[in-house]
Amino acid sequence: MKTESGDVLFADQVGVRSDQVSGRTWGEQGKTRVVRRAGNRCSVNAIFAISNRGRRYVMVFSESFDAKVMCRFLVGSSGTSSGRST
């Protein structure tokens, strides 16, 4: 049996929106606090990975994260690893 010297990727995906309200708000008891935000909304997604050899890979995209996006990321990251298996 022949072993290949490939990379193992540890990946995480994140989505960020411009209208996302983070943190807590405070107001008088019994009165609902209104949080103002921008009228224009936009969102961006990204996937980050690091290999067991310390190589970093990043892809930013605007569509929803699905299997096609993941495959595109894997194909792109494998093309930059000098022909080794990922």
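Coordinates for the structure precede this section.
Calculation criteria
- Residues numbered from 1 in each chain as written.
- Predicted model: local features only at pLDDT ≥ 70, side-chain atom pairs only at ≥ 80, totals over all residues.
- Heavy atoms only, no water.
- Pairing = 2+ DSSP bridges.
- Helix = DSSP H or I, 4+ residues; strand = E, 2+ residues; numbered from the N terminus.
- Axes fitted to C-alpha atoms, helices over the stretch in contact; angles between N-to-C directions.
- Phe/Tyr/Trp six-rings, centres within 6.5 Å; stacked < 30°, edge-to-face > 60°.
- Buried < 20%, exposed > 50% of the residue type's maximum accessible area, 1.4 Å probe, protein only.
- Salt bridge = Lys/Arg side-chain N within 4 Å of Asp/Glu carboxyl O.
- Core = buried A, V, L, I, M, F, W, Y, C linked by side-chain atoms within 4.5 Å.
- Contact = heavy atoms within 4.5 Å.

J.: So what's going on with the sheet that holds strand E3 (residues 56-61)? Which residues, and what values?
T.: Across the sheet, three strands lie side by side as E1-E2-E3; this open sheet has antiparallel pairing. What marks the edges here is a single partner per strand, and that holds for strand E1 (9-17) and E3. Strand-to-strand, the axes of this sheet are offset by a mean angle of 15 degrees, without reference to chain direction.

J.: Which residues make up the packing of aromatic side chains, and what are the values?
T.: A full pass over the atoms with the stated rule returns one aromatic pair. Centre to centre, the rings of phenylalanine 61 and phenylalanine 65 are 6.1 Å apart; their planes meet at 35 degrees, and the pair counts as tilted. Phenylalanine 61 sits in the buried class, given a relative accessible area of 4%. We classify phenylalanine 65 as partly exposed; its relative accessible area is 36%.

J.: Give a detailed account of the pattern of salt bridges, specifying residues and quantitative values.
T.: Tallied over the full model, the rule gives four salt bridges. The salt bridge involving arginine 53 is made with aspartate 7; its shortest N-O contact spans 2.6 Å. Of this pair, arginine 53 sits in the loop between strand E2 (43-51) and E3 while aspartate 7 sits in the segment before E1, and the two are 46 residues apart along the sequence. Assessed through its relative accessible area of 44%, arginine 53 is described here as partly exposed. Lysine 31 is the partner of glutamate 28 in a salt bridge, and the nearest nitrogen-oxygen pair spans 3.9 Å. Taking the relative accessible area as the measure of exposure, lysine 31 reaches 57% and is therefore exposed. Taken together, the shared-partner salt bridges connect Asp7, Arg53 and Arg55 into one network.

J.: So, the nonpolar core: which residues are in play, and what are the values?
T.: Counting seven residues, the largest nonpolar core consists of Ile47, Ala49, Tyr57, Met59, Phe61, Val69 and Phe73. Of all the elements in the fold, those that place two or more residues in this core are E2, E3 and helix H1 (67-79). Among the elements that line this core, the one with the most residues is E3, at three residues. In this structure isoleucine 47 touches Asp12, Gln13, Tyr57, Val58, Met59, Phe61, Phe65, Met70 and Phe73, once residues within four positions along its chain are discounted.

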